[in-house]
Amino acid sequence: MKKNGHTGHGERNGGIFLVLIFLILVVFTVVLALSLHTNAVDETLKNDSVIKVLFVMEDRNQVLFTDVLLYYPVSKRGALINILGNTGAIYESLGRVDRIDAIYTECGIETYRTEIEKLIDMPIPFSIVLHREQFGELTDLLGGLKVFVPSPVDIKNDEGERWLLPSGAVTLDGDKINTYLLYAKPDESDDDIQDRRQNVILAFLTALNRESQKLSLAFPLYASRMEANIEGANFLRLITEIANLDAERIQPQAITGSRRVVDGKVLLFPFYDGQLIKDVVRQTTAALISLDENAGSRTYVLEIQNGTSVQGLARNTAVLLQGAGYDVLSTVNADRNDYEKTVIINHIGNAEVAKNIGDFIHCKDIIDEEIVSDKDADSNSFSVDFTIILGRDFDGRYVK
C-alpha cells in the first residue's frame, strides 16, 4: 500500500506539471493574440524585401561561428554569409587591429552586430545568439540535426572525455551535436572546422523548416533556448518566417582574403580593403530577388581566360568570383594576350546570370553564344556556363 501511495503522489505531481506547461502555453498564446504592438518583422519588410538575421553560436563567451542569413520570403530562397572569426581590421569598438570575434567577447552582441554591418555595408535588424549548451536542448526539441561526418570520430577532449561520432549522413541529438561543434582532429585546418560548423546552421535551418508546423504550438520552449534582440510576437513571427526557407537552395559563402600575422595572431584581411565582401553581399542580395527564379538555384561554372600579359590575372580573378559564390573550373591563357576589352561569353542563354557576373566586375560586353542541341553538342561544349576573357581594361577588380 505504501508503494502505491508513492506512485499516486508521483502521478499527481506529473499531472500538475503537465497542467502548468499547458497553462503557460495558453497564456503565451493569448498574449500573442492580444498584442497590439507593431510587428518588427512586418515593419522591416515594408522597407526591405530581404530579411537579414545575424546568427552567433557561442560557448563560454567565445564565438564558435557567425553567419548572416539573407532570406527572400517571396521565393523562399536564402544565402548564408560566414563571417570568419579571425577576420582582421582596425575595429573602432576595440581601438586596435584584432580578430572580429574579439568584439563579441569584449563588447557584446550589439556592438558585434554593428561592426558586422560595417563589414558587409548592410543593416542587420535582427540577431539570434545560440549558446552551445542550450543549443543541444534546442536540437533535441527539433528532433535532431542531420549533418555529414566524413570519417568516424574517436578522440578525447581536454578533460579526457571520449568523443565518438559515426561517419556518413547522420542525425545527431543534442549531446552529439555539441561534440560535432567542438571536436578537432590533428589533420583538420581552421577552414575545415569553420566549414563543419557552418553545416550546423544549415542543418538548424533545415530542421526549422521540417518542424515548422510545431513551432507556434510550443514556441516558448524554443524561444527560451535562443537569445534574440526581439521577443514575444515579433520573435515568433521572425522564426516562423525563417522556417519557410528552402534550405536545399541556400547559398553558403565566406569571406576571402589574405592571411597575415599581427601581434602573434593569424588574421584574415578581406581582399580590396573589404570592398570585395561588400560587393559579394550586394550581388548575392540582388540575385535572391532576381525575377529569374533559376538565377540562384544552382552554382554556375566559369572559365576565366587571361587575354593580357599580366601574370596571374586569371588566377586572382578566380579567387574573386569564387568568393562571390561561383565555381571556377579553370584559369587559362586566352588565344592571344592583346585583348583590349573584357568580354563574358554566355554559353547557356541565361541573360540574368550573365548580367549578374557583368555587374560584379563592371563588364557590359556580353556575348550570347548560339545554343546548340544536345544531339549536335560535343562532349566539352557545356563543361562551363560562362567564359570570361580578361582584357587590358580589367584592373584586377573592375573593368574600367
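In case you missed it, the structure is sitting above this.
Residues numbered from 1 in each chain as written. Predicted model: local features only at pLDDT ≥ 70, side-chain atom pairs only at ≥ 80, totals over all residues. Heavy atoms only, no water.

As a further point, take helix α12 (residues 313-323). Residues Leu313, Ala314, Thr317, Ala318, Leu320, Leu321 and Gly323 constitute the buried set of α12. Of the residues flanking the end of α12, it is Gly325, one or two places downstream, whose phi is positive at about 100 degrees. (Buried < 20%, exposed > 50% of the residue type's maximum accessible area, 1.4 Å probe, protein only. Helix = DSSP H or I, 4+ residues; strand = E, 2+ residues; numbered from the N terminus.)

The biggest cluster of nonpolar side chains holds 51 residues, and the ones touching the most others in it are Phe55, Leu69 and Phe135. Ranked by the residues each element gives to this core, the list is headed by helix α7 (residues 190-210), at eight residues. Phe55 has contacts with Phe65, Thr66, Asp67, Leu69, Ile128, Leu130, Ile201, Phe204, Leu205 and Ile242, leaving out every residue within four places of it along the chain. Ile100, Tyr112, Ile120 and Met122 belong to the second-largest nonpolar core, a separate cluster that totals 30 residues. (Core = buried A, V, L, I, M, F, W, Y, C linked by side-chain atoms within 4.5 Å. Contact = heavy atoms within 4.5 Å.)

With six of its six residues buried, strand β3 (residues 77-82) lies for the most part within the structure. Alternating residues of β3 divide into Arg77, Ala79 and Ile81 and Gly78, Leu80 and Asn82, and every residue in both groups is buried. Two elements, strand β2 (residues 62-72) and β3, share six bridges in a ladder whose sense is antiparallel. Bridged to Val68 within β3 is Ile81. Linking two consecutive strands that pair antiparallel, namely β2 and β3, is a turn of four residues; a positive phi of about 65 degrees is found at Lys76 within it. With four bridges joining them, β3 and strand β12 (residues 251-254) adopt parallel strand pairing. When the bridges of β12 are listed, Leu80 appears paired with Pro252. (Pairing = 2+ DSSP bridges.)

Aromatic ring pairs are described here by two measures, namely the spacing of the ring centres and the angle between the planes. Counted under the stated rule, the structure contains six aromatic pairs. With 5.4 Å between their ring centres and 75 degrees between their planes, Phe219 and Phe235 make a pair best called edge-to-face. Here Phe235 lies in helix α10 (residues 232-242) and Phe219 lies in helix α9 (residues 219-223), a separation of 16 residues in the sequence. Overall, the relative accessible area of 0% leaves Phe219 in the buried class. Residue Phe235 is classed as buried on the basis of its relative accessible area, which comes to 4%. (Phe/Tyr/Trp six-rings, centres within 6.5 Å; stacked < 30°, edge-to-face > 60°.)

Together, Asp140, Asp158, Glu159, Glu161, Asp173 and Asp175 make up a region of like negative charge exposed at the surface. Tracing the backbone shows Asp173 in the loop between β10 (168-172) and α6 (174-182). (Patch = residues over 30% accessible without salt bridge, like charges linked within 9 Å, V, L, I, M, F, W, Y side chains within 5 Å. Areas by Shrake-Rupley, 256 points an atom, 1.4 Å probe, with all protein chains shown as cover. Salt bridge = Lys/Arg side-chain N within 4 Å of Asp/Glu carboxyl O. Lys, Arg positive; Asp, Glu negative; His and termini not counted. Charge placed at Lys NZ, Arg CZ, Asp CG, Glu CD.)

Mapping Tyr300 onto the fold places it in the loop between α11 (275-288) and β15 (301-306). Along the primary structure Tyr300 and Tyr326 are separated by 26 residues, whereas in three dimensions their C-alpha atoms are 5.5 Å apart.

With that settled, the discussion passes to unusual backbone geometry. Phi is positive for Lys76, close to 65 degrees, though the residue is something other than glycine. Within the element layout of this structure, Lys76 appears in the loop between β2 and β3. In the Ramachandran plot, Tyr272 falls in the positive-phi region, its phi being about 55 degrees despite a non-glycine side chain. Secondary-structure assignment places Tyr272 in the loop between β14 (265-270) and α11.

Time to look at helix α5 (residues 132-141). For α5, the full list of buried residues reads Arg132, Phe135, Gly136, Leu138 and Thr139. One side of α5 carries all its buried residues, which in axial view fall inside an arc of 165 degrees. A positive phi of about 80 degrees marks Gly143, the residue just after α5. (Arc of directions from axis to C-beta.)

Now for the side chain of Asp59. Take Asp59: it is sitting in strand β1 (residues 51-59). Residue Asp59 is classed as buried on the basis of its relative accessible area, which comes to 15%. At a separation of 3.1 Å, a polar atom in the side chain of Asp59 contacts the side chain of Arg132. Ignoring any residue separated from it by four or fewer positions in sequence, one finds Asp59 in contact with Leu64, Arg132 and Leu182. (Polar contact = N/O pair within 3.5 Å; in protein donor to acceptor, adjacent residues only side chain to side chain.)

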